[in-house]
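# Fold and geometry: a report
One-letter residues, chain by chain:
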Amino acid sequence: MIIAVDGPAASGKGTLAAGLADHYGLPHLDTGLLYRAVGRAVQGIEEGPEFVARAIAAACSLDAKALGDRDALTTAEAGAIASRVAVIAEVRAALFAFQREFATQPGGAVLDGRDIGTKICPDADVKLFIQADSKARMERRARQLEGRGLAVDRYALYHQIEERDARDMLNPHGGFYKADDAHLLDTTQLSIEAALRAAIAIIDRTMALKAGGQ
Ligand code: C5P
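Now for a quick tour of the structure. (Residues numbered from 1 in each chain as written. Predicted model: local features only at pLDDT ≥ 70, side-chain atom pairs only at ≥ 80, totals over all residues. Heavy atoms only, no water.)

### A few points about unusual backbone geometry
With a phi close to 60°, A10 is a non-glycine residue in the positive phi region. By secondary structure assignment, the location of A10 is in the loop between β1 (2-6) and α1 (13-24). (Helix = DSSP H or I, 4+ residues; strand = E, 2+ residues; numbered from the N terminus.)

Structural data, given as structure tokens:
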């Protein structure tokens, strides 16, 4: 079973996808980490031809080991650079094969990102599109970062998230929109546990309908 989980920055899709992977005993890929790892390779380089060339080279030679340093990859700054390399068509193309191979492994997988249901796995068995209002997302991300001992400027974080969402939604190569057959799940008012229960209910219902041939 392939489960696609898409949604904007800090929507809780990563936590949800990890919970689903655990529940169904499936491997999980947080595809944002791929873009973050590529972004890391161009940190400090001004946007321009060199930035683009180095980002493409990093995407083409990306090693799964580069995804291991989660703490360094999940800072707000790493997210911002990730969304800058994510607009480069060649970067997306280079990361496509990695994601596709992960998704199609025997038994299936859970992938979360922006374009899983639209571009990476249009054939996914179940697609979820996670939504939550910007303030709730900022607060969740702030608490996550504070939990790691980092100081957080909530005003700056809010604007960073809004700016990143805008860039992702306008990305001409991005595919960041709700697929027609994706189920919308708004987690603004939901705890992590409640969101996970709601997602499992959607998946079980969808799979039961499929098994019944409907
Ligand atoms: O999901 P996360 O916030 O870690 O993603 C970081 C950035 O990587 C996003 O803002 C987006 O620009 C890019 N991304 C993408 N497609 C994906 C996953 C992430 O363009 N499937």
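### Quick look at empty space enclosed by the protein
In total, this model carries one cavity of 30 Å³ or more according to the counting rule given. Within this model, the largest cavity holds a volume of roughly 80 Å³. Lining the largest cavity we find R36, T75, A76, G79, A80, R141, L145, L157, Q160, I161 and R164. Looking at the lining of the largest cavity, the elements with two or more residues in it are α5 (76-85), α8 (134-147) and α9 (154-170). At four residues, α9 tops the list of elements feeding residues into the lining of the largest cavity. (1 Å grid on protein atoms, 1.4 Å probe; cavity = no way out; pocket = protein on both sides within 12 Å on 5 of 7 lines; lining within 4 Å. Points joined across faces, edges and corners; volume = space filled by probe spheres on them.)

### Considering the pattern of salt bridges
All told, the structure shown has 17 salt bridges when counted by the stated rule. Between K65 and D63 there is a salt bridge, with its nearest N and O atoms 3.8 Å apart. The exposure class assigned to D63 is partly exposed, which follows from its relative accessible area of 38%. D168 is the salt-bridge partner of R114, the closest N and O atoms lying 3.3 Å from each other. In this pair, R114 is assigned in the loop between β3 (109-113) and α7 (116-120) and D168 in helix α9, connecting sequence segments 54 residues apart. Like R114, the residue D168 is buried in the burial classification. (Salt bridge = Lys/Arg side-chain N within 4 Å of Asp/Glu carboxyl O. Buried < 20%, exposed > 50% of the residue type's maximum accessible area, 1.4 Å probe, protein only.)

### Side note on the side chain of Q99
Relative to the helices and strands, Q99 is located in helix α6 (residues 89-103). Those residues in contact with Q99 that sit more than four places away from it in its chain are L29, T31, L34, Y35, L111, D115, I116 and I120. (Contact = heavy atoms within 4.5 Å.)

### Examining the layout of surface pockets
Taken as a whole, the largest pocket encloses approximately 870 Å³ of empty space. A10, G12, K13, G14 and R141 are, among the 42 residues lining the largest pocket, the residues nearest its centre. Contributions of two or more residues to the lining of the largest pocket are made by α1, β2 (28-30), α2 (32-41), α5, β3, α8, α9 and α10 (192-211). At five residues, α1 tops the list of elements feeding residues into the lining of the largest pocket. Its residues assigned to classes, the lining of the largest pocket comprises 13 nonpolar, 16 polar and 13 charged. (Nonpolar A, V, L, I, M, F, W, Y, C, P; charged D, E, K, R; others polar.)

### Examining α6
The end-to-end C-alpha separation of α6 is 21 Å, in line with the 21 Å expected for 15 residues at 1.5 Å each. Roughly 30° is the biggest bend found in α6, and it falls at F96. (Expected span 1.5 Å × (residues − 1). Bend = angle between axes of the 7 residues up to and from the residue.)

### So, the site of the ligand
The environment of the ligand is formed by 14 residues, the closest being R36, R92, D115, R164 and D168. In this structure, K13 approaches the ligand through a side-chain N or O atom, which is 3.2 Å from an oxygen atom. Taking R36, its side chain carries an N or O atom lying 2.7 Å from an oxygen atom of the ligand. When the ligand is considered free in solution it has 450 Å² of accessible area, and contact with the protein chains removes 96% of it. Counting atoms within 2 Å of the grid points, the majority share of the ligand lands in the largest pocket. At the level of secondary structure, the elements contributing two or more residues to the shell around the ligand comprise α2, α5 and α9. Element by element, the count of residues in the shell around the ligand is highest for α2, at three residues. When grouped by side-chain class, the residues that make up the shell around the ligand number three nonpolar, four polar and seven charged. (Near = heavy atom within 4 Å. Polar contact = N/O pair within 3.5 Å; in protein donor to acceptor, adjacent residues only side chain to side chain. Areas by Shrake-Rupley, 256 points an atom, 1.4 Å probe, with all protein chains shown as cover. Sits in = over half its atoms within 2 Å of the grid points.)

Any link to function would need more than the numbers given here.
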